[in-house]
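So you can see what is in the structure, the chains are spelled out below.
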Amino acid sequence: MPVEITWWGHATCTVEDSGVRLLTDPLFARRLAHLRRRRGAVPPAEAAVADVVLVSHLHADHLHLPSLERLAPGTRLLVPRGARRAVPGLARAAGLRGLRVTEVAAGEEVTVREGVGGGVRVRAVSARHDGRRLPFGPHLAPALGYVVQGSARTYFAGDTGLFDTMAEEVGPLDVALLPVGGWGPYLGPGHLDAGRAAQALARLAPAAAVPVHYGTYWPVGMDAVRPHEFHAPGEEFERRARQLAPKVTVRVPGHGERVRLP
């Protein structure tokens, strides 16, 4: 059964596998603090429809409380362990919408749906990224990635830098959703740019990959500043991947576009 990926922008994707809809790091805002959505319309109501939501870390562009409040009552939410303590508003948002919050740590696995062959499961894996709610806040929750294991094995990396044990921790893969940029002209430590994401792809060796986390939000007042660094990472990742991981099929969807990956 093929896996379908819809990229809504930034790190927000819908992963459809075996009849289960999983939503990653939902961010449905037109504007967030100093960031403005520059490409792609604000996702439609259907984007908020999910059986399970995967939150990789606590930064406001990944754990966005107003976006969580758009989810349907009863939606299950997987968050890094310590998130409720670090972000008190999470409990309020979950209570307002009747969300079922489960905190997880790297190495833990959650069954989403029982079924023949194991159903659909989600395994948390580590990431190399500062996952604090504020840059100067206490480090109460780690950054995570997730591996969705259904008819295929799909890795959502969240935000992460390249690290030596990445392929070992993630394991065999069919699809990789990799961050290839950010929301400004410079990337600090704990991020992948197009080149480092292609290196990660060569180590992970999935059958297919989709670049995410680029080309959606840009700081207000910086519209004309180094725009190539905002628009180009997806195609640059595809070019680098052809060099470093030529056997991997890379799909570069537009905002709101759905791709089917065998």
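Residues numbered from 1 in each chain as written. Predicted model: local features only at pLDDT ≥ 70, side-chain atom pairs only at ≥ 80, totals over all residues. Heavy atoms only, no water.

1. Some remarks on the packing of helix α5 (residues 194-204) against helix α7 (residues 233-244)
Their axes nearest at 8 Å, the elements α5 and α7 cross at an angle of 40°. Here α5 is positioned oblique relative to α7, judged by the angle of their axes. Note on packing geometry: the crossing formed by α5 with α7 is right-handed. Each of Ala194, Gly195, Ala197, Ala198, Gln199, Leu201 and Ala202 in α5 lies in contact with α7, whose residues at this interface are Pro233, Glu236, Phe237, Arg240, Ala241 and Leu244. (Axes fitted to C-alpha atoms, helices over the stretch in contact; angles between N-to-C directions. Helix = DSSP H or I, 4+ residues; strand = E, 2+ residues; numbered from the N terminus. Parallel < 35°, antiparallel > 145°, perpendicular 65-115°, else oblique. Left-handed = near helix turned anticlockwise from the far one by under 90°. Contact = heavy atoms within 4.5 Å.)

2. Description of the sheet that holds strand β15 (residues 217-219)
Strand order across the open sheet formed by three strands is β4-β5-β15, with antiparallel pairing between neighbours. Only two strands of the sheet have a single partner each, and these edge strands are β4 (31-32) and β15. In this structure, strand β5 (residues 35-37) lies alongside β15, joined through three bridges in antiparallel fashion. Bridge assignment links leucine 35 to a residue of β15, and that residue is proline 219. (Pairing = 2+ DSSP bridges.)

3. Quick look at α5
Looking only at α5, the buried set comprises Ala194, Gly195, Ala197, Ala198, Ala200, Leu201 and Leu204. Where the residues of α5 are buried, they touch β12 (153-156), α4 (166-170), β13 (175-179), β14 (208-212), α7 and β16 (249-250). Capping of α5 at its N-terminal end is provided by aspartate 193; its side-chain oxygen lies 3.2 Å from the backbone amide nitrogen of glycine 195. Alanine 205 lies just past α5 and shows a positive phi near 55°. (Buried < 20%, exposed > 50% of the residue type's maximum accessible area, 1.4 Å probe, protein only. Polar contact = N/O pair within 3.5 Å; in protein donor to acceptor, adjacent residues only side chain to side chain.)

4. A look at the packing of aromatic side chains
Counting across every chain of the model gives two aromatic pairs. Seen in terms of ring centroids, tryptophan 7 and tyrosine 214 are 5.2 Å apart; in terms of plane orientation they differ by 15°. Their pairing is stacked. In this pair, tryptophan 7 is assigned in strand β1 (residues 3-9) and tyrosine 214 in the loop between β14 and β15, connecting sequence segments 207 residues apart. Neither tryptophan 7 nor tyrosine 214 differs from the other in exposure class; each is buried. The lysine or arginine in question, arginine 128, covers the ring of phenylalanine 163, its NZ or CZ lying 4.0 Å from the ring centre. (Phe/Tyr/Trp six-rings, centres within 6.5 Å; stacked < 30°, edge-to-face > 60°. Lys NZ or Arg CZ within 6 Å of the ring centre and 35° of its normal.)

5. Quick look at the side chain of histidine 191
Among the structural elements, histidine 191 can be located in the loop between β13 and α5. Within the structure, histidine 191 has its side chain in polar contact with the backbone oxygen of proline 189 (distance 3.3 Å). The contact partners of histidine 191, leaving out residues within four places of it in the chain, are His129, Asp159, Thr160, Gly161 and Arg196.

6. Let's talk about unusual backbone geometry
Here serine 18, not a glycine, exhibits a phi torsion of approximately 55°, which is positive. Residue position: serine 18 is located in the loop between β2 (12-17) and β3 (20-24). Take serine 18: its relative accessible area is 29%, and that puts it in the partly exposed class.

Any link to function would need more than the numbers given here.
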